[in-house]
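Structure assessment
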Amino acid sequence: MNASPDADPGPPRARREPVTHERFGVRWTDDYAWLRDPGWPEVRDPEILDHLRAENAWFERVMEPHRALIAKLYDELKARIAPDDASVPVREGAFEYGWRFRPGQEYRVWERRPAGADGPAEVLLDENLLAAESAYFALRSLSVSPDGRLLAWATDEDGSERFRLHVEDLTTRRRLRDLVGNTSGSLVWAEDGRTLLYVELDAALRPWRVRAHRLGSDPADDAVLFTDPDPAFFVSIGKTLDRRFLLISSGTHETREVHIVDAREPLSPGRVVAPRRRGHRYSVDHAHGRLWIRTDDRHPNFRLVSAAPGAPDESRWHEVIGADDALYLQEHACFDRFMLLRGRRQGRAFIAVRDWDGTMHDIAFPEAACAPFIGDNREFRTDRVRLAYSSMVTPPTVYDYVVAERKLLTRKVQRIPSGYDPALYVSESLSARAADGAMVPITLLRRRDTPPGGPLLLYGYGAYGHGLDAGFAHTRLSLVDRGVTFALAHVRGGDELGPRWWEAGRGRHKPNTFSDFIACAEALVAGGRTRAGAIAIRGGSAGGLLIGAVLNLRPELWRCAVAEVPFVDVLNTILDPSLPLTPIEWPEWGNPLEDEAAFRTILSYSPYENLRPQRYPDLLVTAGLSDPRVGYWEPAKWVARLRELKTDRNLLLLRTHMEAGHFGRSGRYEALRDLAEQYAFVLASLKCHA
């Protein structure tokens with residue numbers, strides 16, 4: 001897969017306009033800072049738009065010979081999706097709620113019927129009708145009032161993640177006016193059925209305060225329940241399953257504070273559970289007159305404590321489950337008769353049931369290496385719970401677990417209409433020794449008949465303590481069925497081995513993430529699983545930073561790379577507190593404005609600053625014009641500088657979605673077009689058969 005011949009004018013070249021920066025005695029020059037529109041989040045500068053369109057035209061031109069493969073891949077991916085897919089209904093009050101897709105449609109239809117009743121369901125909301133006039137559409141929240149009469153939902157029509165709220169009377173089917181157009185999309189009904197709580201964005205797009213809208217009143221008069229002036233803290237809202245308390249949370253990646261408010265009296269004064277202090281994270285649920293609090297106050301793996309709602313301060317906490325080096329508690333959920341706990345033991349995922357008398361048992365799942373989650377549960381008083389489950393070879397499965405019988409009831413196994421035989425595939429768990437001796441887990445998926453030593457795609461993320469779960473993705477089959485082994489590198493920065501694994505891959509330890517990824521690739525080569533130069537790598541957002549860093553460090557290892565909305569302009573972004581995510585990012589990366597050590601660490605790996613004259617593999621980069629998380633200019637600047645510095649004729653493509661944000665195209669089918677293009681790029685570069 002080579003670049004154009006000499007006679008071809010070639011890809012677009014961005015003009016250079018040097019801007020010099022200085023910090024801690026270090027000077028550096030940014031030739032492409034002009035690609036960030038000064039009016040962002042609006043992008044109107046004609047030169048910038050023309051450049052991005054020119055890059056898109058170059059992408060289309062280069063990929064034109066592969067259009068047949070792209071179409072074939074798209075058809076494959078689409079054929080694995082059940083055209084009439086539907087959820088398992090979930091009970092909430094007098095109704096059962098669910099969604100379904102109609103054949104050929106991009107978006108869900110949400111519906112309900114009286115619990116236990118047969119006959120046609122009542123359509124609550126048809127996303128397809130809402131999306132008809134928008135190039136992009138996303139539904140963030142959908143919630144029915146406690147009395148079942150009113151429906152509230154939040155939508156984004158341009159990918160900017162600025163959500164508009166809507167309310168409809170389900171009795172009259174009369175749409176009330178939009179409540180507000182600048183929210184995070186998070187919404188919760190108070191128990192009075194007339195008050196809707198939402199989170200408002202500030203001028204920097206930060207979720208910063210909770211307001212309460214009383215239906216029928218002027219939204220301008222909505223009461224402010226909570227405001228967080230700290231630009232590093234993001235605000236969210238929720239409600240305990242027993243409907244006793246509203247939960248107002250504010251936090252960063254490493255610190256969290258929760259306020260509880262009486263759900264029956266939403267305008268009453270709230271109470272903080274534990275005042276924020278840096279490095280303390282906790283979450284709260286309620287049952288039987290007690291708060292149940294998962295906290296990392298004494299150990300990074302968390303412990304479980306309880307407290308009285310009227311006196312929840314830490315001095316009154318009563319320990320229920322102590323912290324343990326081998327037990328990482330990730331989630332807890334309270335029900336009338338029991339509690340669910342989700343976590344990891346020695347890296348293995350588990351879900352356990354704890355009765356209120358203290359007895360516990362693990363739920364027995366079919367496979368040891370799997371990805372189980374607590375599912376959609378809306379009833380506090382129940383004898384069973386909804387669970388979600390998959391593994392690298394087992395499609396997504398919905399279970400109801402009958403607690404007293406310790407029995408899993410299969411409610412749904414994701415259907416793959418084009419056919420899928422799990423016996424054809426094998427998943428393996430390996431490890432690689434990092435430079436400092438740490439053992440880095442690797443999860444592989446391959447066909448049993450694939451000979452060793454062939455092409456491989458290595459995927460990584462490694463940030464914010466977000467681990468990569470060993471779950472199923474039907475999309476991978478389009479690579480694996482063509483002889484490409486798929487591998488997950490569980491590098492430091494995630495939480496696969498607990499919070500200490502995260503700590504070892506953030507801040508001053510961030511370089512471990514990159515060296516771990518390289519160690520995984522080298523181990524796979526040494527073990528005969530693949531060979532140098534036959535490895536494709538892929539990552540998105542903070543995972544795109546990982547891709548950018550390892551491209552600079554070891555370009556010869558990789559045949560090609562896909563960097564989706566990559567966070568590659570790290571130094572300039574983290575030095576700019578005017579950007580919405582920068583202050584909240586400082587605990588993850590360090591604050592280079594104030595900390596010279598953090599500045600020099602970031603400077604040492606930031607992909608944009610560390611580009612140099614050398615050969616780079618084939619590279620496909622994506623961006624979203626309205627992306628509020630990774631500004632479109634980051635990948636655009638990176639590609640522009642790569643074009644200037646790289647010494648090879650390998651492909652370098654930039655694909656910017658002009659009407660979408662961080663997550664690319666919307667719709668269950670349209671989103672597959674992006675993936676088909678990426679897979680075609682990878683397969684062509686790896687020279688795999690079509």
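Below is a short write-up of the structure.

Rules used throughout
Residues numbered from 1 in each chain as written. Predicted model: local features only at pLDDT ≥ 70, side-chain atom pairs only at ≥ 80, totals over all residues. Heavy atoms only, no water. Phe/Tyr/Trp six-rings, centres within 6.5 Å; stacked < 30°, edge-to-face > 60°. Buried < 20%, exposed > 50% of the residue type's maximum accessible area, 1.4 Å probe, protein only. Lys NZ or Arg CZ within 6 Å of the ring centre and 35° of its normal. 1 Å grid on protein atoms, 1.4 Å probe; cavity = no way out; pocket = protein on both sides within 12 Å on 5 of 7 lines; lining within 4 Å. Points joined across faces, edges and corners; volume = space filled by probe spheres on them. Helix = DSSP H or I, 4+ residues; strand = E, 2+ residues; numbered from the N terminus. Nonpolar A, V, L, I, M, F, W, Y, C, P; charged D, E, K, R; others polar. Pairing = 2+ DSSP bridges. Axes fitted to C-alpha atoms, helices over the stretch in contact; angles between N-to-C directions. Expected span 1.5 Å × (residues − 1). Core = buried A, V, L, I, M, F, W, Y, C linked by side-chain atoms within 4.5 Å. Contact = heavy atoms within 4.5 Å. Parallel < 35°, antiparallel > 145°, perpendicular 65-115°, else oblique. Left-handed = near helix turned anticlockwise from the far one by under 90°. Disulfide = S-S within 2.5 Å.

Moving on, we get to the packing of aromatic side chains. Evaluation of the coordinates by the stated rule reveals 18 aromatic pairs. Consider the rings of tryptophan 99 and phenylalanine 101, whose centres lie 5.5 Å apart with planes at 70 degrees: the pair is edge-to-face. With 5.4 Å between their ring centres and 35 degrees between their planes, phenylalanine 335 and phenylalanine 338 make a pair best called tilted. With respect to burial, phenylalanine 335 and phenylalanine 338 carry one shared label: buried. An aromatic cluster is built from Phe24, Trp28 and Phe599, whose rings are joined through pairwise contacts. Residue placement shows arginine 112 over the ring face of phenylalanine 95; its charged tip is 3.9 Å from the ring centre. Stacked on the ring of tyrosine 608, the Lys or Arg arginine 641 has its end atom at 5.6 Å from the ring centre.

Here the largest pocket defines a volume of roughly 500 Å³. Around the largest pocket, the lining comprises 24 residues; the ones closest to its centre are Arg278, Trp586, Pro587, Gly590 and Asn591. For the lining of the largest pocket, the elements supplying multiple residues, two or more each, are helix H9 (582-589) and helix H10 (596-605). Looking at the lining of the largest pocket element by element, the count peaks at four residues for H9. Across the lining of the largest pocket, the residue classes break down as eight nonpolar, seven polar and nine charged. The volume enclosed by the second largest pocket comes to roughly 360 Å³. Among the elements of the structure, strand S25 (348-355), strand S31 (425-433) and strand S32 (439-447) are those that each provide at least two residues to the lining of the second largest pocket. The residue inventory of the lining of the second largest pocket, partitioned by class, reads 10 nonpolar, six polar and four charged.

Before going further, it helps to examine the sheet that holds strand S19 (residues 282-287). Neighbouring strands of a sheet are bound in pairs by backbone hydrogen bonds; such pairs are parallel or else antiparallel. Ordered by their spatial adjacency, four strands build an open sheet running S19-S20-S21-S22, and the pairing between neighbours is antiparallel. Single-partner strands in this sheet number two, and they are S19 and strand S22 (318-321). If you compare each strand with its neighbour and ignore which way they point, the axes differ by 30 degrees on average. Note that strand S21 (residues 303-307) and S22 share three bridges and pair antiparallel.

If you check helix H12 (residues 670-686), its first and last C-alpha atoms are 25 Å apart, about what 17 residues at 1.5 Å a residue would give, namely 24 Å. Burial analysis of H12 places 14 of its 17 residues in the buried class, the great majority of the element. Of the residues trailing H12, lysine 687 is marked for its positive phi of about 60 degrees.

Looking now at the nonpolar core. Leu458, Phe517, Ile537, Trp558 and Trp589 are the most contacted members of the largest nonpolar core, which has 118 residues in total. For this core, the element with the most residues is H12, which contributes nine residues. Leave out the neighbours within four places in its chain, and isoleucine 537 touches Leu458, Phe517, Ile547, Val550, Leu551, Trp558, Cys560, Ala561 and Val562. Core analysis: the next-biggest nonpolar cluster, separate from the first, contains 31 residues, Phe302, Leu341, Phe380 and Tyr389 among them.

Take the packing of helix H2 (residues 67-79) against H12 next. At a minimum axis separation of 8 Å, H2 and H12 run at an interaxial angle of 130 degrees. With respect to each other, H2 and H12 are oriented oblique. Along this stretch, H2 crosses H12, giving a crossing that reads as right-handed. Across the interface between the two elements, Arg67, Leu69, Ile70, Leu73, Tyr74, Leu77 and Lys78 of H2 pack against Leu672, Arg673, Leu675, Ala676, Glu677, Tyr679, Ala680 and Leu683 of H12. Along the lines of polarity and charge, the residues of the contact of H2 with H12 split into 11 nonpolar, no polar and four charged.

Under the defined criterion, the tally for this structure stands at two cavities of 30 Å³ or more. Roughly 50 Å³ of volume is contained in the second largest cavity. Lining the second largest cavity are Phe59, Leu620, Thr622, Arg655, His657, Asp674, Glu677 and Gln678. Only strand S37 (618-624), strand S38 (652-657) and H12 provide two or more residues apiece to the lining of the second largest cavity. Top element by residues in the lining of the second largest cavity is H12. It accounts for three residues. Across the lining of the second largest cavity, the residue classes tally to two nonpolar, three polar and three charged.

Further remarks concern the environment of arginine 381. Along the chain, arginine 381 falls in the loop between strand S27 (373-374) and strand S28 (384-389). Residues arginine 381 and phenylalanine 163 lie 218 residues apart in sequence; the distance between their C-alpha atoms is 33 Å.

It is worth spelling out the state of the cysteines at this point. Applying the stated criterion across every chain yields a total of zero disulfides. Counting only cysteine sulfurs, cysteine 560 is the nearest neighbor of cysteine 520, a cysteine outside any disulfide, at a range of 18 Å. By relative accessible area, which is 0% here, cysteine 520 ends up buried.

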